[in-house]
Amino acid sequence: MAEPAPDAPAPLAPSRRRVGLFGGTFDPPHVGHLVTAVNVRHALSLDVVVLMVANVPWQKEGRRDITPVLDRLAMVEAAVRDVPGLAAGRLEIDLGGPSYTADTLAALAADEPEAELFTVVGDDAAAGLATWERHDEVVARSRMVVVDRPGAPVQLSDDVEWIRVEVPRLEVSSTDLRRRFLDGRPLDYLVTDDVLAVIAERGLYGRQP
Ligand code: ATP
Ligand code: MG
């Protein structure tokens, strides 16, 4: 057998799987979430970005009615079905109770100890990191990724080494979409057709006239 040439590159060590955790209520999932997830995956060469559906979003609970979690999961599954490298996550549903990212990361690490974990958040969520349950654990267990709009970096505390990914910011929020739907305004292009189909099938967000 021929010897490798002396200047041949050393064989690459098997690389650790790079997993992005993008948590949310996803009530409903919209193009802002999807554009964020695919761009972060691309920018950081992640193997997968998991859109993790919060079981009980404790920061929102009591403020409004949250759509049942299995309906939100069905919408997220519909949104990512045909998108390579995106996945719908049900781990927080399986864990039960309120959804804390610290616990989710611990469960992901227990499942796949070799994986390198990235916690992905929008700028509003990043600015509120200090209010998260055991946020020090979140920072210890994962690299923190914040999605910035081009030219308008959010001000963040500098005790965390944030990775910033610039994504064209789409001014879409689930809250606004629910309002539009109730008014009978179209959600076309703001959520995917498959998500719209799940909303119609399950009769979510009130009736469209
Ligand atoms: P709501 O209006 O109910 O708060 P939302 O649209 O903000 O819903 P969430 O499920 O709360 O969606 O957000 C999940 C994650 O997605 C958060 O990290 C949030 O910062 C981020 N995010 C929400 N909207 C956008 C958007 N338009 N572009 C980029 N990221 C977004
Ligand atoms: Mg929000």
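Everything that follows concerns the structure shown earlier in this document.
The structure presented is a predicted model; accordingly, all values stated were derived computationally and were not measured. (Residues numbered from 1 in each chain as written. Chains lettered and ligands numbered in written order. Predicted model: local features only at pLDDT ≥ 70, side-chain atom pairs only at ≥ 80, totals over all residues. Heavy atoms only, no water.)

Student: So what exactly am I meant to see when it comes to the sheet that holds strand β3 (residues 86–89) here?
Tutor: Sheet strands associate in pairs through backbone hydrogen bonding, adopting either a parallel or an antiparallel arrangement. Taking strand neighbours across the sheet as the criterion, the six strands line up as β3-β2-β1-β4-β5-β6 in an open arrangement whose pairing is parallel. Looking at the sheet topology across the chains shown, the edges are occupied by β3 and β6 (163–166). Each adjacent strand pair in this sheet contributes to an overall mean axis angle of 30°, direction not counted. With four bridges joining them, strand β2 (residues 48–53) and β3 adopt parallel strand pairing. Looking across to β3, one finds that V50 is bridged to A87. Of the strands in this sheet, β2 and β3 touch helix α2 (residues 69–80), which is tilted by about 170° from β3. (Pairing = 2+ DSSP bridges. Helix = DSSP H or I, 4+ residues; strand = E, 2+ residues; numbered from the N terminus. Axes fitted to C-alpha atoms, helices over the stretch in contact; angles between N-to-C directions. Contact = heavy atoms within 4.5 Å.)

Student: For this particular structure, what's the right way to read the site of ligand 1?
Tutor: Taken together, 22 residues sit near ligand 1, with K60, D124, L170, S174 and T175 positioned nearest. Residue T25 places a main-chain N or O atom 2.9 Å away from an oxygen atom belonging to ligand 1. D124 places a side-chain nitrogen or oxygen 2.5 Å from an oxygen atom of ligand 1. By residue class, the composition of the shell around ligand 1 is six nonpolar, eleven polar and five charged. (Near = heavy atom within 4 Å. Polar contact = N/O pair within 3.5 Å; in protein donor to acceptor, adjacent residues only side chain to side chain. Nonpolar A, V, L, I, M, F, W, Y, C, P; charged D, E, K, R; others polar.)

Student: Could you clarify how one ought to interpret the pattern of salt bridges in this entry?
Tutor: Where charged atoms from two side chains of opposite charge come close, those side chains can pair. With the rule as written, the count across this model stands at 15 salt bridges. Its salt-bridge partner being E137, residue R141 comes within 4.0 Å of it at the nearest N-O pair. With R141 and E137 both in helix α6 (residues 135–141) and four residues apart, this pair spans about one turn of that helix. Through salt bridges with shared partners, a single ionic network connects D103, E133, R134, E137 and R141. (Salt bridge = Lys/Arg side-chain N within 4 Å of Asp/Glu carboxyl O.)

Student: I would appreciate a short explanation of the nonpolar core in the present structure.
Tutor: General note: in soluble globular proteins, nonpolar side chains tend to be found buried as a group. Judged by nonpolar contacts, the single largest core of 38 residues is most densely connected at V40, L44, L51, V145 and I199. For this core, the elements supplying multiple residues, two or more each, are α1 (31–43), β2, α2, β4 (116–122), β5 (143–148), β6, α7 (174–183) and α8 (193–202). In contact with L51, not counting residues within four places along its chain, are F22, F26, A37, V76, V80, L86, A87, A88 and G89. One finds L108, L129, V138 and M144 within the second-largest nonpolar core, a separate group that totals 21 residues. (Core = buried A, V, L, I, M, F, W, Y, C linked by side-chain atoms within 4.5 Å. Buried < 20%, exposed > 50% of the residue type's maximum accessible area, 1.4 Å probe, protein only.)

Student: Any chance you could explain the environment of H42 here in plain terms?
Tutor: Position of H42 relative to the elements: it lies in helix α1. Spatially, the C-alpha atom of H42 lies 9.5 Å from that of G85, the residues being 43 residues apart in sequence.

Student: Could you clarify how one ought to interpret the pairing of strand β1 (residues 18–24) in this entry?
Tutor: In regular strands, side chains alternate between the two faces of the sheet. Bridging between β1 and β4 involves five bridges; their strand directions are parallel. Residue L21 lies in a different strand from β4, and its bridge partner there is T119. One ladder, built from six bridges, connects β1 with β2; its direction is parallel. Bridge pairing links V19 to V48 in β2. Crossover β1 to β2 through α1 is right-handed. (Right-handed = clockwise from strand over helix to strand, strands pointing away.)

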